[in-house]
Number of protein chains: 2
Amino acid sequence: MSEARQRRAFALLGSTGSVGVSTLALVERFPERFRAVALAAGRNTAALAEQIRRHDPELVSVADEASARDLRARVPEFTGRILAGSEGPLAVATHPEAELVLSALVGALGLVPTLAAVRAGKHVALANKEVLVVAGELVTRAARECGVDLLPVDSEHNAIFQALRGQARDEVKRIVLTASGGPFLARSAAELATVTVAEALNHPTWKMGPKITIDSSTLMNKGLEVIEARWLFDVDADRIDVVIHPQSIVHSMVEYVDGSVLAQMAVPDMTIPIGYALAYPSRLPLDHLRPLDLPAAGTLTFVAPDRQRFPCLDLAYRALRAGGTMPAVLNAANEIAVERFLAEDLAYRDIPTLVAAVMDAHAPAPASDLDVLLAADAWARDAARSGSGRAERAAAR
Amino acid sequence: MSEARQRRAFALLGSTGSVGVSTLALVERFPERFRAVALAAGRNTAALAEQIRRHDPELVSVADEASARDLRARVPEFTGRILAGSEGPLAVATHPEAELVLSALVGALGLVPTLAAVRAGKHVALANKEVLVVAGELVTRAARECGVDLLPVDSEHNAIFQALRGQARDEVKRIVLTASGGPFLARSAAELATVTVAEALNHPTWKMGPKITIDSSTLMNKGLEVIEARWLFDVDADRIDVVIHPQSIVHSMVEYVDGSVLAQMAVPDMTIPIGYALAYPSRLPLDHLRPLDLPAAGTLTFVAPDRQRFPCLDLAYRALRAGGTMPAVLNAANEIAVERFLAEDLAYRDIPTLVAAVMDAHAPAPASDLDVLLAADAWARDAARSGSGRAERAAAR
């Protein structure tokens, strides 16, 4: 077998986002191990052009025809295919040479191509949490049927995946997701009412995009992760807990029936879970990263989440227990609520109020196929756009 | 297969000690899982008689003929064999029905029967750290040759064993043993000079026997565990670190090449590692134990050990690097030094001084067979008995 044949060929959905960029940086560090054969991006053609020059993929996709023309002008020497529109991510996700697809498109956009990748028999490294929040039952069933691995890239789920490795699943008692708690951990309910966009975007430990940063501050991000964990690890809601751990060093834990708790710790750097998923079942020697130095860190603290001050967490448990289309509705309503908060069209404390109101107005249907889920998603977005957080809140009481 | 046949038959070396008592308590909780077929004790015939009544073993051993007569009088109804003297533990360790031997005799006494158990093809659950400190190379080689598992019962090594499960050994970067730090963590060197026996016996987190409690306070216990880890996990001294963690919740950790650190945490209760070793590769549902509650614990702290104030740690690394018979000499000299401290015949701060002086006077030989190791052990005991800590210290400079 030639050296080139031994490289793992993979497709990357969301190549110009934060996870995509980190993934390609890792590929450049291990050119003998990985090869990016297909890249899906949106409108950031400058970044994509540079990725094409460095990685020479066989296929790339962009959001629309205008972006495609722009990209073509930037890389006239590129001989691969350039696709535009919604067919692009599908072609990337099912590229015949890709053995693995890293799914890092933001939001519900990643759902259709990720499901297509699973059905095409690709292992999927999941950095897009909406895929499982919206369609966890559907996607995990498809993965089982197609015999593919779902490899979590979120640091929390990756930690759990590591802590489950080699262990008997029927000996798992409980999964404990850690949460940094975001920037408002110490704020009173009254203080939370006055949070500004700038304050909410200032996350203490992780550098991330605006949507996930806001979700971290409301704990909705952790709520979505609870739903994701339920599907990834086949553990029901009652056996998934959340603990606030502001230092973001213990990335999550698994408690076993004998009282042993296995935890994965590391410096907060997405390179580690990305590398774990890409190289699975091997580990990459990431010697360029600062190692975890516990004496230098000194203190790790743990507190129970305050479910009154951060009601988004319980909304997620409520959606998970309601089942069917409800998690898709929670997710869609939250996306719009955060969008409206970032546009200063909704107060910070009205994010959970608006989401709850949309959920109250929804009668969940079974999550039997993608169309039903996407229809629920679309309905919830409309409802959240037209709902005025405050009025909805009053109505919900 | 009948239910009785499915029970795991095991032999217990050191049935009346702390680990032995916890082990038999666990057997009483899971009578359908385990059966103690042979028990080796010393002179505590009252406790052994009670164990015989509860567990009905086929063979027991005691220290001497007087103890045997005493025991016979206490359990006239017992139809099994009672052996006395050094043949007893050997017969217990090689009992034909035992599939596993739990080795929990205190000190170097456990070495000969444990090696006999390995050579008889028994899996060995090791609670006696001297076995590997004195004869690590010999015992681990025998275990490999005989195809038996060495299952660590020490909470630290058990934690590492759990954190290595299902992982690739060549991806291990470093092993990190945690140490409670003992009661004198915050004492200055001058204050350490005045430590009394009563102070040294007051361990903050674990309830243990006097020898190991003193060893915890000097960090010699951790040094011995470094040596043990080297043999159990085939990792050289340079890749074994120690970190002080006063809460004794993180029981130890393994760092992998990708920067991931897997840790096992639990409430400090020996039932967990004992159960893990007994039931391996299964885990027992230990629902009677208080679960680990991290928010209630609140804070976990980590500090680097102070190698100046606690020189025993470096003595152990020195012995491990010198190799051959030197770890046996370290261990034997330390046993005598602690014995003399407990008898108020040696000052606390002279424990490391005396051990260092005995090591200085020893030219290590290869640890090729048991007789060489036992001779080095005997020589070191004599040297430590006759050495006056202070004079030796002056001579060592």
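**Focus on the overall build of chain A**
Each helix and strand in chain A was counted, giving 19 helices and 12 strands. Here chain A has a C-alpha radius of gyration of 21 Å; the compact-globule value for 397 residues is 21 Å, and the two agree. In terms of its C-alpha atoms, chain A occupies a principal-axis envelope of roughly 65 × 50 × 40 Å. For chain A, the residues scored as buried account for 59% of the 397 residues in total. For chain A, the share of sequence-separated contacts (at least 6 apart) that also reach a separation of at least 24 residues comes to 69%. Accessible area for chain A stands at about 15000 Å²; split by element, carbon and sulfur atoms hold 51% of it.

**Observations regarding the relation of the copies chain A and chain B**
By a simple turn and slide, chain A fits onto chain B: the slide is 0.0 Å along the axis, the RMSD is 0.0 Å, and the turn is 180°. The symmetry that links the two subunits is that of a two-fold axis. Across chain A, the rotation axis passes nearest the C-alpha of Gly166(A), at a separation of 2.0 Å. Comparing interface residues between copies, 100% of those in chain A also sit at the interface in chain B, which points to an isologous, same-surface contact.

**With respect to the packing of helix α7 (residues 130–146) of chain B against helix α12 (residues 220–233) of chain B**
All names here are of chain B. For the pair α7 and α12, the least separation of the axes is 9 Å and the interaxial angle reads 5°. It follows that α7 is roughly parallel to α12 by the angle criterion. Counted together, Leu132, Val133, Gly136, Glu137 and Thr140 of α7 and Leu224, Ile227, Glu228, Trp231 and Leu232 of α12 form the full contact between these two elements. Looking at side-chain class alone, the contact of α7 with α12 contains six nonpolar, two polar and two charged residues.

**Describing the nonpolar core**
With 286 residues, the main nonpolar core has Met253(A), Met265(A), Leu330(A), Met253(B), Met265(B) and Leu330(B) as its most contacted residues. Not counting residues up to four positions away in its chain, the partners in contact with Leu330(B) are Met220(B), Leu224(B), Ile227(B), Leu315(B), Ala316(B), Ala319(B), Val355(B) and Met359(B).

**Section: the interface of chain A and chain B**
By a frequent convention, interface size equals the accessible area lost on bringing the separate parts together. Residue-level contacts link 43 residues of chain A with 43 residues of chain B. Notably, a salt bridge pairs Asp258(A) with Arg283(B), separated by 3.1 Å at the nearest N-O pair. Counting across the interface, chain A meets chain B through 24 residue pairs in polar contact (both at pLDDT 80 or more). If one sorts the elements of the side of chain A that touches chain B by residue count, strand β11 (residues 261–265) of chain A sits on top with five residues.

**Quick notes on the layout of surface pockets**
Residues and elements named next belong to chain A. In this structure, the second largest pocket spans a volume of roughly 930 Å³. Along its surface, the second largest pocket is lined by 46 residues, and Ala127, Lys129, Met208, Gly209 and Ile212 are the ones closest to its centre. For the lining of the second largest pocket, the secondary-structure elements that each account for two or more residues are α2 (18–29), α8 (155–164), β8 (172–179), α11 (210–218), α12 (220–233), β10 (250–256) and α16 (326–342). Classifying every residue of the lining of the second largest pocket by side-chain character gives 16 nonpolar, 19 polar and 11 charged. Split by domain, the lining of the second largest pocket shows at least three residues from each of two domains, domain 1 (3–152) and domain 2 (157–321).

**Things to note about the sheet that holds strand β1 (residues 8–13) of chain A**
Within a sheet, each strand pairs with its neighbour through backbone hydrogen bonds, oriented either parallel or antiparallel. All names here are of chain A. Pairing is parallel in the open sheet, where seven strands are placed in the order β4-β3-β2-β1-β5-β6-β7. Each end of this open sheet is capped by a strand with a single partner; those strands are β4 (81–84) and β7 (150–152). For this sheet, the mean inter-axis angle between neighbouring strands, taken without regard to orientation, is 25°. As defined by bridge partners, strand β6 (residues 123–126) adjoins β7 across three bridges and the pair is classed as parallel. Within the sheet, the bridge partner assigned to Leu126 lies in β7 and is Pro152. Set on the sheet, helix α6 (residues 111–119) makes contact with β1, β5 (100–103), β6 and β7; between it and β6 the angle comes to about 150°.

**Some words on the pattern of salt bridges**
Residues and elements named next belong to chain A. Tallying each qualifying case throughout the model produces 61 salt bridges over all chains. Note that Asp306 and Arg309 form a salt bridge whose closest N and O atoms lie 2.9 Å from each other. One continuous salt-bridge network, built from bridges that share partners, spans Lys129, Asp154, Glu156, Lys222 and Glu225.

**Brief notes about the pairing of strand β3 (residues 59–62) of chain A**
All names here are of chain A. In β3, alternate side chains face the same way, and those of Leu59 and Ser61 on one face and Val60 and Val62 on the other are all buried. Where strand β2 (residues 34–40) and β3 come together, three bridges link them in parallel fashion. Bridge pairing in β3 links Ala40 to Ser61. Between the parallel pair β2 and β3, the chain is carried across by helix α3 (residues 45–55), and the sense of this crossover is right-handed.

**Things to note about unusual backbone geometry**
All names here are of chain A. At the junction of Tyr280 and Pro281, the peptide bond is cis and its omega measures out at 5° in the coordinates. Within the secondary structure layout, Pro281 lies in the loop between α13 (271–279) and α14 (294–297). The phi dihedral of Asp234 falls on the positive side, at around 55°, and the residue is not glycine. Inspection of the secondary structure assignment puts Asp234 in the loop between α12 and β9 (240–244). On the basis of relative accessible area, Asp234 is assigned to the exposed category, the value being 58%.

**Some points on the sheet that holds strand β10 (residues 250–256) of chain B**
Reading across the sheet, the eight strands line up as β9(A)-β8(A)-β10(A)-β11(A)-β11(B)-β10(B)-β8(B)-β9(B) and stay open at both edges, with mixed pairing between neighbours. The two strands at the open ends of the sheet, each matched to only one other strand, are β9 of chain A together with β9 (240–244) of chain B. Strand-to-strand twist across the sheet, computed as the mean angle between neighbouring axes with direction ignored, equals 20°. Judged from the five bridges that link them, β8(A) and β10(A) form a sheet pairing that is antiparallel. Bridging from a neighbouring strand, Ile175(A) pairs with Val254(A) of β10(A).

**Side note on the domain arrangement of chain A**
Residue and element names in this part refer to chain A. Domain annotation of chain A identifies domain 1 (3–152), domain 2 (157–321) and domain 3 (323–333 + 343–397). Relative to domain 2, the C-alpha centre of domain 1 lies at a distance of 25 Å. Facing 25 residues of domain 1, the contacting portion of domain 2 comprises 26 residues. Across the contact surface, domain 1 and domain 2 share two salt bridges. Across the pair Glu130 and Lys211 runs a salt bridge whose closest N-O atoms are separated by 4.0 Å. Taken together, the links from domain 1 to domain 2 amount to six residue pairs in polar contact (both at pLDDT 80 or more). At the level of secondary structure, the elements contributing two or more residues to the side of domain 1 that touches domain 2 comprise β1, α2, β5, α7 (130–146) and β7.

**A closer look at helix α4 (residues 65–74) of chain B**
All names here are of chain B. Within the span of α4, buried status applies to Ser67, Ala68 and Leu71. With its buried residues spanning 100° around the axis, α4 presents them on a single face. Of the exposed residues in α4, the ones pointing more than 90 degrees away from its buried face are Glu65, Arg69 and Ala73. Structurally, α4 contributes buried residues whose contacts are with α3 (45–55), β3 (59–62) and β4 (81–84).

**Re the packing of aromatic side chains**
Inspection of the entire model under this criterion finds 10 aromatic pairs over all chains. Centre to centre, the rings of Phe341(A) and Tyr348(A) are 5.4 Å apart; their planes meet at 65°, and the pair counts as edge-to-face. In this pair, the class of Phe341(A) matches that of Tyr348(A), namely buried. A cation sits over an aromatic face here: Arg230(A) above Trp231(A), 3.9 Å from the ring centre. Across from the ring centre of Tyr256(A), 4.3 Å away, lies the NZ or CZ of Arg283(B), which sits over that ring.

Conventions adopted
- The written sequence of each chain sets the order in which its residues are numbered from 1.
- Here the convention is simple: chains get letters from A, ligands get numbers from 1, in the order in which they are written.
- Per-residue local features of the predicted model are confined to residues with pLDDT of at least 70, and side-chain atom pairs are confined, for both listing and counting, to 80 or more; whole-chain, interface and lining totals are unaffected and use all residues.
- Think of the side-chain values as coming from all heavy atoms in the structure, minus any hydrogens and water.
- The numbering of helices and of strands both runs from the N terminus, where a helix is a DSSP run of H or I of at least 4 residues and a strand a run of E of at least 2.
- Atoms counted for the radius of gyration: C-alpha only. Globule rule: 2.2 Å times residue count to the power 0.38.
- Three labels apply to residues, based on accessible area from a 1.4 Å probe with only protein chains included: buried if under 20% of the type maximum, exposed if over 50%, partly exposed otherwise in between.
- Contacts are assigned to residue pairs that have any heavy atoms within 4.5 Å of one another.
- Per-residue and other accessible areas were derived by the Shrake-Rupley procedure at a 1.4 Å probe size, with only the shown protein chains allowed to occlude residues.
- Copies are brought into register by a least-squares superposition over C-alpha atoms of residues with pLDDT of at least 70 in both.
- Angles run from 0 to 180 degrees between N-to-C directions of axes, and those axes are lines fitted to C-alpha atoms, restricted for helices to the stretch in contact.
- Should an angle lie under 35 degrees it is considered roughly parallel, over 145 roughly antiparallel, and from 65 to 115 roughly perpendicular; all remaining angles are considered oblique.
- Under this grouping Gly is polar, as are all residues other than the nonpolar Ala, Val, Leu, Ile, Met, Phe, Trp, Tyr, Cys and Pro and the charged Asp, Glu, Lys and Arg.
- Among the buried residues, those of types Ala, Val, Leu, Ile, Met, Phe, Trp, Tyr and Cys that are joined through side-chain atoms within 4.5 Å form a nonpolar core.
- Each reported salt bridge corresponds to a side-chain nitrogen of Lys or Arg within 4 Å of a carboxyl oxygen of Asp or Glu.
- Definition of a polar contact: a pair of N or O atoms within 3.5 Å, with one able to donate and the other able to accept a hydrogen when the atoms are protein atoms, and with sequence-neighbouring residues admitted only if both atoms are side-chain atoms.
- The rule is simple: put a 1 Å grid over the protein atoms alone, call a set of points where a 1.4 Å probe fits but cannot get out a cavity, call an open set with protein on both sides within 12 Å along at least five of seven lines a pocket, and count a residue as lining if it has an atom within 4 Å of a point.
- Grid points are joined across faces, edges and corners, and a volume is the space filled by probe spheres set on the points.
- For the domains described, the bounds stem from an automatic or database domain assignment.
- When DSSP finds two or more bridges between two strands, those strands count as paired.
- By convention a crossover is right-handed if, when the strands point away from the viewer, the path from the first strand over the helix to the second runs clockwise.
- The arc in question is the one traced by the directions running from the helix axis out to the C-beta atoms.
- Ring geometry is summarised as follows: Phe, Tyr and Trp rings, the Trp one being its six-membered ring, pair when their centres sit within 6.5 Å, and such pairs are stacked at plane angles under 30 degrees, edge-to-face over 60 and tilted between the two.
- Think of it as a cone above the ring: NZ of Lys or CZ of Arg counts as a charge over the ring if it is within 6 Å of the ring centre and within 35 degrees of the ring normal.

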